[in-house]
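Below, each chain spelled out in residue letters.
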Amino acid sequence: MTDIFAKYAGLKAAAAGLTAHSPRNPFGVVIDHPVSATVGLIEGRETLLFGTNNYLGLSQSKAAADAAIETVRREGVGTTGSRIANGTFALHRKLEMRLAEVFRRRHCMIFSTGYQANLGAISALAGKDDVLLLDADSHASIYDASRLGYAQVIRFRHNDPTDLDRRLARLKDHQGAKLVVVEGIYSMTGNVAPMREFAEVKKKHGAYLLADEAHSFGVLGENGRGVAERDGCEDDVDFVVGTFSKSLARLAVIACPISTVWS
Ligand SMILES: Cc1ncc(COP(=O)(O)O)c(C=O)c1O
């Protein structure tokens, strides 16, 4: 019988090497109790948390906690069904409409997480005759989405509109739609996308642009709508994905792709 875990032997050895001389496993840190937005109790010690995405410090907001408790008391703790069966509450629709208004879009669809928002939006938008052009440093959810939709996938150099321009030019005779996917702020490096330049390139080639503003939502732009707002090119971004799990500290336990596709 083939050992189903054998393929992970190398990974296991690498992880063991990393943790051999460390008092604790950096991949398995447990926060016993959050003390504040920036401090957690870890092994009995108050420890500064540098790894969170709690950009606005809302995770410990009393107003948010009170609102969440009140809503749970009124609505219960779950829908116990998928959205198309029996899982959409009036409150979900209200939230979608409110988000669409805030982002000045015609429609919005909420998912349980930002990961699912990317899976749902990208795999539905880019079908088998289409081409997906992904920034090389895209988040795992974007790569996973690209495997679900059967579209041809082309990577362009990270944050490089000139490389995107070149690759789109080579597709000039391609009949299918072209969807370019970039992030507002890249989670691992903090790099900010040159959104206006990407928007110019996509317009030049008749492509669509999806911006994942997961890390810029609530942080950049006068109204917190992200890099596209900051750069004044929101009208040229066709689809926006956001998540409530970063700056909004998952206040409403949802994420939202906000787009015009469901018009
Ligand atoms: C760019 C980007 N998109 C999407 C996600 C997924 O969001 P969530 O954690 O809500 O699933 C993340 C989370 O790390 C992210 O960094």
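Predicted model only: the values in this text are computed from it and were never measured.

Asks: Could you give me a rundown of the sheet that holds strand 2 (residues 39-42), with the residues and numbers involved?
Replies: Pairing between sheet strands relies on hydrogen bonds along the backbone, with the strands arranged either parallel or antiparallel. Taken together, three strands build an open sheet; the order of strands is 1-2-3 and the sheet is antiparallel. The outermost strands of the open sheet, each flanked by one partner alone, are strand 1 (33-34) and strand 3 (45-48). Sheet topology places strand 1 next to strand 2; two bridges connect them, and they run antiparallel. In the sheet register, Pro34 faces strand 2, and the bridge partner there is Gly40.

Asks: An account of the packing of helix 4 (residues 114-125) against helix 5 (residues 140-148) is needed here, citing residue identities and associated values.
Replies: Running from N to C, helix 4 and helix 5 cross one another at 35°; their axes reach a closest spacing of 8 Å. The element helix 4 and its partner helix 5 pack so that their crossing is right-handed. Every residue of helix 5 that contacts helix 4 at Tyr115, Asn118, Leu119, Ile122 and Ser123 is listed here: Ser141, Ile142, Asp144, Ala145 and Leu148. The residue inventory of the contact of helix 4 with helix 5, partitioned by class, reads six nonpolar, three polar and one charged.

Asks: How would you explain unusual backbone geometry if you had to name every residue and give the values?
Replies: Positive phi is not limited to glycine here, since Glu43 has a value of about 50°. Here Glu43 is to be found in the loop between strand 2 and strand 3.

Asks: Which residues make up the packing of helix 6 (residues 161-170) against helix 7 (residues 195-204), and what values do they have?
Replies: In the contact formed by helix 6 and helix 7, the axes pass within 9 Å of each other and the chain directions differ by 10°. Compared by their axis directions, helix 6 and helix 7 come out roughly parallel. Seen from helix 6, the contacting residues are Pro161, Leu164, Asp165 and Leu168; seen from helix 7, they are Glu197, Phe198, Val201 and Lys204. Of the residues contributing to the contact of helix 6 with helix 7, the split by class is five nonpolar, no polar and three charged.

Asks: Give me the environment of Lys128: which residues, what numbers.
Replies: Examined against the element boundaries, Lys128 turns out to sit in the loop between helix 4 and strand 5 (131-135). Judged by relative accessible area, which is 63%, Lys128 ranks as exposed. Along the chain, Lys128 and Gly176 lie 48 residues apart, while their C-alpha atoms are 8.6 Å from each other. Here Lys128 is in contact with Gly149, Tyr150 and Ala151, once residues within four sequence places are set aside. Side-chain polar atoms of Lys128 contact the side chain of Asp129, separated by 3.4 Å.

Asks: Lay out the site of the ligand with the relevant residues and their values.
Replies: Taken together, 15 residues lie near the ligand, and Asp212, His215, Thr243, Ser245 and Lys246 sit nearest. Gly114 places a main-chain nitrogen or oxygen 2.9 Å from an oxygen atom of the ligand. Here the ligand, which alone exposes 390 Å², has 86% of that area covered by the protein. When the residues that make up the shell around the ligand are grouped by side-chain class, the tally is two nonpolar, nine polar and four charged.

Asks: Could you give an account of the pattern of salt bridges, with specific residues and numbers?
Replies: Taken as a whole, this structure holds 20 salt bridges when the rule is applied. In this structure, the salt-bridge partner of Arg93 is Glu96, at a minimum N-O distance of 2.2 Å. Taken together, the positions of Arg93 and Glu96, both in helix 3 (residues 90-102) and three residues apart, correspond to about one turn of that helix. Taking the relative accessible area as the measure of exposure, Arg93 reaches 37% and is therefore partly exposed. The closest approach of N and O atoms between Arg98 and Glu101, which form a salt bridge, is 2.9 Å. With Arg98 and Glu101 both in helix 3 and three residues apart, the pair spans about one turn of that helix. A relative accessible area of 47% means that Arg98 is categorised as partly exposed. The network of salt bridges with shared partners includes Arg104, Arg225, Glu229 and Glu234.

Rules of the game
- Residues numbered from 1 in each chain as written.
- Predicted model: local features only at pLDDT ≥ 70, side-chain atom pairs only at ≥ 80, totals over all residues.
- Heavy atoms only, no water.
- Pairing = 2+ DSSP bridges.
- Helix = DSSP H or I, 4+ residues; strand = E, 2+ residues; numbered from the N terminus.
- Axes fitted to C-alpha atoms, helices over the stretch in contact; angles between N-to-C directions.
- Left-handed = near helix turned anticlockwise from the far one by under 90°.
- Contact = heavy atoms within 4.5 Å.
- Nonpolar A, V, L, I, M, F, W, Y, C, P; charged D, E, K, R; others polar.
- Parallel < 35°, antiparallel > 145°, perpendicular 65-115°, else oblique.
- Buried < 20%, exposed > 50% of the residue type's maximum accessible area, 1.4 Å probe, protein only.
- Polar contact = N/O pair within 3.5 Å; in protein donor to acceptor, adjacent residues only side chain to side chain.
- Near = heavy atom within 4 Å.
- Areas by Shrake-Rupley, 256 points an atom, 1.4 Å probe, with all protein chains shown as cover.
- Salt bridge = Lys/Arg side-chain N within 4 Å of Asp/Glu carboxyl O.

These values are about where atoms sit, not about what they do.
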